[in-house]
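If you want the building blocks of each chain, they are given just below.
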Amino acid sequence: MNILYLLIPLALVLTLSSVAAFVWAVRRGQLDDLDTPALRPLLDDEPEPPRR
Amino acid sequence: MTQPSSVPCAHCGLPAPPPPAGAPEDAPSFCCVGCHSVYLALHESGLDSFYQLRDTWSSDPQPAQAPDVAAELAPLLDSEAFLNEHARQHEDGSLSARLHLEGVHCAGCVWLIERLPELMDGVLSARLDLTRGLLSLRWDPAQVRLSQVGQALARFGYRAHPLRADQREVRNQGLGRLLTRVGISWAVAMNTMIFAIAEYAGLSALSDAGLHTTMRWLSLGLSVVAMFVGGSIFFRRAWASLRTAFSQKLSTGLTHLSIDVPIALGIGVGWIHSVYNTVWGQGDVWFDSLTVLIAALLSARYLQLRGNARAADAAERLYSLLPRSARLLRRADEPTSQLRERAEAVLATSLRPGDLIEVRTGDVVAADGVVTLGRSEVLRALLTGESRPEKIAPGQVIEAGVTNLGALLHVEVRATAEETRVGKLLRWIEDHQSQRAPIVQLADRLGGIFVLAVLGAALLTALVWALVEPSRAIPNAVALLVISCPCALGMATPLAMSVGAGRAARRGVHIKNDDVIEALDHLTDLIFDKTGTLTVGQPTVAALEGDEEALHLASALESHSSHPLARALVAAAPPQAGFAPLPTREVEEHTGRGITGRVGEQRVAVGRPDWQLPEDHRWRVRASEFAARGLTPLVVMVDEEPRLLLGLGDRLRPGATELVARLGQRGVRVHLVSGDHPELVARVGEELGIDNARVRGGASPEDKVAIIEALRDVHPDATVAMIGDGVNDAAALQAAHVGVAVYGGSEASLQAADIFLMRQGLTPIEDLLDGSSIIMRTVRRNLTGSAIYNVFGVSLAALGLVSPLVAALLMPISSLAVVASSLSQRSFEPRPPRSASPDAANAASPAPAPQTPSPLARESAA
C-alpha cells in the first residue's frame, strides 16, 4: 500500500494542474461563448479565388 | 417554359421578383437594392463562398440591412470621447473595443466578419460572439479609423452599435468567478470522494494507521479549499439573511430566512465535527458528503445566474437599438435651407429639451419631441406595434425610436434618453427584471431541508444506537450520511430542465430561463398579440372587387416596385405558365400614391383610390369600408378606366383557429390583446373563436402590462404567458410569468422574452406547452425517485442494515439514475403530422425558406 504515498500526491498534482487550466480558461473567456467556436473549423478554408 | 411567380433573392433568400424578360437565364434576382449591393460587394471581394456557408447556422433567411446606415455613426465612432470611454489601448499602440452588431445570424456572418483583417489593412483581429451579436475588434489607429471599419461592416449589411454601459462586463466577470468556484469545488469534491471510498472499502486506523491518518488530513485540507472557495458564498449569504431576519420582528423574520441558513448550518456543523474527529484521530469524517453538496448547490446556482445574466444582456441590447447620435440644428433666424447645412451630428445623450434636431428620411428619432417643420410619414412599430406608416405634421408629438419614412422633419426636443417614452419602457423592463420574484429554487430549498433532515436523522441514529449497541452507532450514522445523496436531489431539477431546454433548442424553441418551464406546466392564461403572431404579418390580397383580369396587368407593373404592397400584389397574381411576361415600359413610381406605366399597349395605374378615382365614384365608399376593416384599399386603372378594387391586409396564420380551440381544450384561457385598431382586433378574435370579453384592441404597451397585472389580481393563482413580437410588447413580455417571442419578431423583443420561437408558424407554441409538461414530469420523476431512494437509504442505514461500503457504492448509482432519467426524457420530439397539419399549410405561405443544403451535406453528396 506504500505506493499510495506516491500516487496520492501525484493525483493531487494532476487535480491542481487541471484546476489551474480550468481557471485559466475561464479567465481568458473561453467559456463565455460556447456556440461560435464550434463553427470556426467550418470556416477556416481559404476563400475561393474570384470567378471573374 | 414555366416560370415561378417569385424566385429567392440571391443574397438573403427572401422572395424576389423574377429577373426582367430578356435577362440571361441564370441572372441573380434581388429583393431589394440593399441585397444587390451586398451581393456585388461580396463578389468584388472574392467572398462568394459566403453563400455556401450561410446555411450552416440558420436556415432562416433574414432581409439584409440597407447599406450606409452606419454612416451616421461615423463621427461618433471616431470621437475622442467615445474612444476614451470604450476602447482599450494596447502596448503596441493598437486599440480594441467591443461593438454590438445588428443582423448577424448565421455561420456565414461569422466567417465574413472574422475575415475583416484580410480585407482591411489595419484591422488586426475580429472575433464575433454569434449568440450575443458581439464583435471584439482590434485595430491599428494609425492605419484605419473605427468608422471605416463600421462602414465596411455596413456594406455587408451589419450595423455596428457601440455598447452602452459596461455593466455587462461586470456581470460576465461575476459569472466567470462563480464558474471558477464551481470547477474548483467539483475537483475538490471528486478527490475527497476518492479518499472516502478507500476508507469505506476497508482502510481503517487498524489496517493501516499511517495511510488512514494521511488520507483524513488530506481530506481535511481539500475540504478547507471547498469551504473557502464554495462554502464561503453560503456563509456570507446566510449571515446576511440572519441579520435581516433579526432586524425585523422575530416571528416574521424567521419565516423569511433564506435557504442558505440551513445549508450553512449543515455544512458548518458537519465540517467542525469532522475536523474535531480528524484532529483527535477518532470517529468519522464527512468531508466527502460536504464537498459534494457544496459543489452540487453551487452548480445549480451558476446555471440559474447564467440565465439571469442573459436576460439582463437583453435589456442592454434594447438600448443599443436607439440611435446614438442626432443631427442638432443651431437655432438661427435664417431660412430653413441654411439651417439644414448647419446641422451637425452630436451624441444623443448631449441633447437637451428645447434643442432642435433634424430627422432625415430613414432616420430613427433620438429623442421625444414636437415636430416643428415638415410633413411626413413615420413608422411607430417600435412603440405601438402599428405596422402601417402614420402621417405626421407640425405640432404633433414624435417619440424616440420612431422611424421617419418620408420627408425631412425638424423636431423640438422635449425629453431625452431615460426620460423618453421608450426609455421609460426599457427602464421598466430592467427594474422588473430585478424585482421579478424568482420561482423558488426547488433544488436549493430541498437541499437545505435535506441537510437538516439528514443531520437530524444521523444524530438520532447515533443517539439511539449508542443506547442499543454503542460500537455500531458511528458506522450506522456514517452509512446514513453517505447513502443520502445530495447530488441526486441537487441536480434533479436543473439537469432535467437543461436537458429539456437543449432538446427544445434543437427544435427551434429557445428557452432562456429554465424557471419558466415550471410556470408553463400549469399555464392558465395565454395572451396573444395579434400582429405577426396569429397573423402572417405581411400584407396579402384579402378582398377583390371588379375585373380580376386587371390583376395580372397590375402585378406586371408592380413587379418593378419593391414596396411591400407591390410584393403582395405580385404574389397574388403569378405570371401564368406558358405566357411570356407582359412587357412593361415607362414605369414611374409616385411616392405615397402609387405607380404608373404601360403594360403592353395599355396604360395602367395602381394606387390609392383618392389619387385616381373621381370624387363621386362608388368605389370611394367601398374603399373606406375596406379601410374600416383594417385593409389598405388599392385601385387598378386601365386606360383611365377603374377596373379593379383591391383590399390588402394581414390574414390569419394557417392553423391559428385550430390552435385556439386546442388550447381551450387544455383549459387555457386564450386572450387577444393588440395595439391595432379595436374593430380589426375584434374581427380577428371573432374569426378565432375567442370569447369577446378577452379581446381588446388599441392597447398601448402600458395597457398590455396593466391587463396582465389585472389578470393576476383577479386570479391570484393564474399563470400568464404572453406571446408577442414587437419591441412594444417587451414590457408585457416581462410582466407575464412567461414571455414568448415568436419568429419574425424584432431582435429586441426576442431578447426581452424568456422564450424565443425560431420556427415559423404556430406549432412551436404547442410544442412548447407539451414539451414543458414532459420536462416537469421528468423533474418530478427525478425528485420522487431520489426522495424515495433517500428515504429508503436513510431508513435502512438508520436501522443498521447497510454497511458504509454498500452506501458508498449506492450513492453514485443514485446520481447516475438521475442523469439517465433526465437524458431519456421524451420532450420536444418531432410530432406526428396531424390531419390538416398547420405545418403543411405553412409550407404554402408566401415566404417559404429555401432549404439550401449545408456545405457539409453538399460535400458528402459530391
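Residues numbered from 1 in each chain as written. Chains lettered and ligands numbered in written order. Predicted model: local features only at pLDDT ≥ 70, side-chain atom pairs only at ≥ 80, totals over all residues. Heavy atoms only, no water.

## Description of the overall build of chain A
And then number 1: Per the secondary structure count, chain A includes two helices and zero strands.
And then number 2: Taking all 52 residues of chain A together, 21% fall into the buried category.
And then number 3: Total accessible area on chain A stands at roughly 4,000 Å², and carbon and sulfur atoms take up 65% of it. (Helix = DSSP H or I, 4+ residues; strand = E, 2+ residues; numbered from the N terminus. Buried < 20%, exposed > 50% of the residue type's maximum accessible area, 1.4 Å probe, protein only. Areas by Shrake-Rupley, 256 points an atom, 1.4 Å probe, with all protein chains shown as cover.)

## Section: the nonpolar core
Residue and element names in this part refer to chain B.
And then number 1: Ile511, Phe528, Ile755 and Leu768 are the most contacted members of the largest nonpolar core, which totals 45 residues.
And then number 2: Tallying contributions element by element places helix 29 (residues 763-798) first for this core, with seven residues.
And then number 3: Of all hydrophobic cores here, the second largest spans 30 residues; its members include Ala97, Leu112, Ala126 and Ala152. (Core = buried A, V, L, I, M, F, W, Y, C linked by side-chain atoms within 4.5 Å.)

## Re the sheet that holds strand 27 (residues 720-724) of chain B
Residues and elements named next belong to chain B.
And then number 1: Taking strand neighbours across the sheet as the criterion, the seven strands line up as 17-29-28-27-18-25-26 in an open arrangement whose pairing is mixed. Two strands close off the open sheet at either side, each with one partner strand: strand 17 (509-511) and strand 26 (695-696).
And then number 2: Here two bridges tie strand 25 (residues 669-673) to strand 26, and the two strands are oriented parallel to one another. When the sheet's bridge partners are listed, Leu672 is paired in strand 26 with Val695.
And then number 3: Along the sheet, helix 26 (residues 701-714) makes contact with strand 18 (525-528), strand 25, strand 26 and strand 27, crossing strand 27 at roughly 160°. (Pairing = 2+ DSSP bridges. Contact = heavy atoms within 4.5 Å. Axes fitted to C-alpha atoms, helices over the stretch in contact; angles between N-to-C directions.)

## Some thoughts on helix 7 (residues 146-155) of chain B
And then number 1: For helix 7 of chain B, a buried count of seven out of 10 residues is recorded, marking the element as mostly surrounded by other parts of the structure.
And then number 2: Restricting attention to buried positions, one finds in helix 7 of chain B the residues B:Leu146, B:Ser147, B:Val149, B:Gly150, B:Ala152, B:Leu153 and B:Ala154.

## Quick word on the pattern of salt bridges
Residues and elements named next belong to chain B.
And then number 1: Tallied over the full model, the rule gives seven salt bridges over all chains.
And then number 2: We note a salt bridge from Arg138 to Asp92, for which the minimum N-O separation is 3.3 Å. Of this pair, Arg138 sits in strand 6 (residues 134-139) while Asp92 is found in the loop between strand 3 (88-89) and strand 4 (95-102), placing the two residues 46 residues apart along the sequence.
And then number 3: By relative accessible area, Asp92 is classed as exposed at 54%.
And then number 4: With a shortest N-O distance of 2.4 Å, Asp521 and Arg780 are connected by a salt bridge. (Salt bridge = Lys/Arg side-chain N within 4 Å of Asp/Glu carboxyl O.)

## Side note on the sheet that holds strand 12 (residues 376-379) of chain B
Residue and element names in this part refer to chain B.
And then number 1: An order of 13-12-15 is seen for the three strands of this open sheet, with the pairing classed as antiparallel. Each edge of the open sheet carries a strand with a single partner, namely strand 13 (390-392) and strand 15 (403-404).
And then number 2: Taken together, the three bridges between strand 12 and strand 13 define a ladder with antiparallel strand orientation. Its bridge partner lying in strand 13, Val378 is registered against Glu390.

## Notes on the environment of B:Asp284
All names here are of chain B.
And then number 1: Among the structural elements, Asp284 can be located in the loop between helix 11 (260-280) and helix 12 (287-321).
And then number 2: A relative accessible area of 16% places Asp284 in the buried class.
And then number 3: When the C-alpha atoms of Asp284 and Arg216 are compared, they prove to be 9.6 Å apart, with 68 residues separating the residues in sequence.

## Thoughts on the UniProt feature "transmembrane region" (unreviewed entry) in chain B
Residue and element names in this part refer to chain B.
And then number 1: Feature annotation in UniProt assigns "transmembrane region" (unreviewed entry) to the following positions: residues 178-197, 217-235, 256-273, 285-303, 446-468, 474-497 and 782-799.
And then number 2: The span residues 178-197 shows a helical share of 100% and a strand share of 0%, and its end C-alpha atoms are spaced 28 Å apart.
And then number 3: Across residues 217-235, the secondary structure splits into 100% helix and 0% strand, with the terminal C-alpha atoms separated by 23 Å. (UniProt positions renumbered as here; feature names shortened; annotations may be inferred.)

## With respect to a nonpolar patch on the surface
Residue and element names in this part refer to chain B.
And then number 1: A grouping of Leu459, Leu460, Leu463, Val464, Leu467 and Val468 is seen on the molecular surface, where their side chains present a nonpolar patch of about 670 Å² in accessible area.
And then number 2: Turning to its location among the elements, Leu467 is positioned in helix 16 (residues 442-468).
And then number 3: Take Leu467: its relative accessible area is 76%, and that puts it in the exposed class. (Patch = residues over 30% accessible without salt bridge, like charges linked within 9 Å, V, L, I, M, F, W, Y side chains within 5 Å.)

## With respect to the packing of aromatic side chains
Residue and element names in this part refer to chain B.
And then number 1: Evaluated as defined, the whole model comprises one aromatic pair over all chains.
And then number 2: Ring centres 6.3 Å apart and planes at 50° place the aromatic pair Tyr276 and Trp280 in the tilted group. Remark: Trp280 and Tyr276 occur in helix 11; sequence separation between them is four residues, near one turn of the helix.
And then number 3: The partly exposed category is assigned to Tyr276, whose relative accessible area is 47%. (Phe/Tyr/Trp six-rings, centres within 6.5 Å; stacked < 30°, edge-to-face > 60°.)

## Things to note about the side chain of B:Ser821
Residues and elements named next belong to chain B.
And then number 1: Of note, Ser821 is situated in helix 30 (residues 804-823).
And then number 2: Relative accessible area serves as the criterion here: at 13%, Ser821 is assigned to the buried category.
And then number 3: Within the local environment of Ser821, its side chain forms a polar contact with the side chain of Asn782, the two groups lying 2.4 Å apart.
And then number 4: If sequence neighbours within four positions are ignored, Ser821 has contacts with Thr778, Arg781 and Asn782. (Polar contact = N/O pair within 3.5 Å; in protein donor to acceptor, adjacent residues only side chain to side chain.)

## Side note on the confidence of the model for chain B
Predicted coordinates in regions of low pLDDT should not be interpreted in detail.
All names here are of chain B.
And then number 1: Overall, the prediction assigns chain B a mean pLDDT of 72, with 67% of residues at 70 or greater.
And then number 2: The model gives residues 1-5 a pLDDT under 50, and that stretch makes 11 contacts with residues more than four places away or in other chains.
And then number 3: A low-confidence stretch, residues 433-440 (pLDDT under 50), is modelled with 14 contacts involving residues beyond four sequence positions or located in other chains.
And then number 4: The ipTM for the predicted assembly is 0.82, set against a pTM of 0.55. (pLDDT = per-residue confidence, 0-100.)

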